[in-house]
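Topology and contacts: notes
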Number of protein chains: 2
Amino acid sequence: MTEHSVDSNRTCPVGRSLDVMGDRWSLLIVRDAFDGVRRFGDFQRGLGVARNILADRLRKLVDADVLVSQPAADGSAYQEYVLTRRGESLFPVVVALRQWGEKHLFDRGEKYSRLIDTDTGKPVPVMTPRTAGGSPLPPAQTRVKKVV
Amino acid sequence: MTEHSVDSNRTCPVGRSLDVMGDRWSLLIVRDAFDGVRRFGDFQRGLGVARNILADRLRKLVDADVLVSQPAADGSAYQEYVLTRRGESLFPVVVALRQWGEKHLFDRGEKYSRLIDTDTGKPVPVMTPRTAGGSPLPPAQTRVKKVV
DNA sequence: GCCTAAAGGTTGCATTTTGCAACTACATTG
DNA sequence: CAATGTAGTTGCAAAATGCAACCTTTAGGC
């Protein structure tokens, strides 16, 4: 996770986010954490990631205040990794990736796991950027204003 | 960009999205493409990525139908890389990463580039998953339904 | 308490990916 | 037609990753 050296990547929030989360495993760890996974071994089995890499990523995510490691709630002496507020606020990122994958990366008829609103039992609606007025905001109607 | 081997990563749209986009550069390339960057050299200078890596990523993004390479519109003999519809629909992903970074990755007073609604000149509102009724949907009110 | 197995890592080594610099090929400019 | 710019490719060194073995602490059976 080398830092992006060019200056525009330092002042761009997208670049900074990817400095923290932009590797093959970190966002999958966070996804599983949203699904309630908390223990090292469960992350490891669920992801199929090498144990040393998982240990490294968990450490970095804790350092980045995305996860916190705390004594397990179930009374056992082991500890567990839980999303912080900062980690929880990655929810839109994970949902956006999910919805993009759902739309573009599966063949017709191919099954995939779905994200459900537990209050209604229905799939979560597609999320999109919106104007202040609430209407969908296409990319062409935006631009990035560079820092002063 | 090795494929994630464990089965749950193949049926999870998040996992599949990250198989395609989950490296340090692909989403930055797409971000710059949203900003209007089209040419190899402009991506290279803007990102500071090694040229061989950029060539490899552009090739993979074209293979994944995120970008299309076509003759340059400006009459020059070179070609340019433009977002496909599939690529354009990564907009929510890029915006979500941006908004997470804005909120959590900058110190008070530190400047960062902002995404502006060109119709109003105001920053794009924070995007969040919503229920069918339109109210914000917290992670705890969702669950992933595994495939049958 | 004692033994065994599982959990949660760490370490060493082979493989893969990345970064850097040099090189090539073609196009454009003067 | 020489010089410069664009768009790569190639070779090699450095870093990240994957894999297996090892270690230490905890949990469970007796």
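None of the values given here were measured: they were computed from a predicted structure.

Our focus in this paragraph is the protein's contact with DNA strand C. Near DNA strand C, the surroundings consist of 19 residues, among which R39, R51 and Y81 of chain A together with N52 and R57 of chain B are the closest. Of all DNA strand C atoms lying within 4 Å of any protein atom, the proportion belonging to sugar or phosphate reaches 68%. Between A77 of chain B and DNA strand C, the recorded distance is 3.1 Å, taken from a backbone N or O atom to a phosphate oxygen. Among the secondary structure elements, those contributing two or more residues to the surface near DNA strand C are α4 (40-47), α5 (51-63) and β2 (79-83) of chain A together with α5 (51-63) of chain B. Here the surface near DNA strand C is composed, by residue class, of nine nonpolar, six polar and four charged.

Turning our attention to the protein's contact with DNA strand D. Of all residues adjacent to DNA strand D, which total 19 residues, the nearest are N52, R57 and A77 of chain A together with R39 and R51 of chain B. Counting only the atoms of DNA strand D within 4 Å of the protein, the fraction contributed by sugar and phosphate is 66%. With respect to DNA strand D, the side chain of N52 of chain B contributes an N or O atom lying 3.5 Å from a base oxygen. Of all elements in the fold, only α5 of chain A together with α4 (40-47), α5 and β2 (79-83) of chain B reach the threshold of two or more residues within the surface near DNA strand D. At four residues, the largest contribution of residues to the surface near DNA strand D is made by α5 of chain B. Grouping the amino acids of the surface near DNA strand D by side-chain chemistry returns nine nonpolar, six polar and four charged.

Moving on: the side chain of R57 of chain A. Residues and elements named next belong to chain A. Within the secondary structure, R57 is located in helix α5. On the accessibility criterion, R57 (13% relative accessible area) is buried. One polar contact links R57 to D56, side chain to side chain, over a distance of 2.5 Å.

Thresholds, definitions, all that
- Residues numbered from 1 in each chain as written.
- Chains lettered and ligands numbered in written order.
- Predicted model: local features only at pLDDT ≥ 70, side-chain atom pairs only at ≥ 80, totals over all residues.
- Heavy atoms only, no water.
- Near = heavy atom within 4 Å.
- Polar contact = N/O pair within 3.5 Å; in protein donor to acceptor, adjacent residues only side chain to side chain.
- Helix = DSSP H or I, 4+ residues; strand = E, 2+ residues; numbered from the N terminus.
- Nonpolar A, V, L, I, M, F, W, Y, C, P; charged D, E, K, R; others polar.
- Buried < 20%, exposed > 50% of the residue type's maximum accessible area, 1.4 Å probe, protein only.

No statement about biological role is implied by the geometric values presented.
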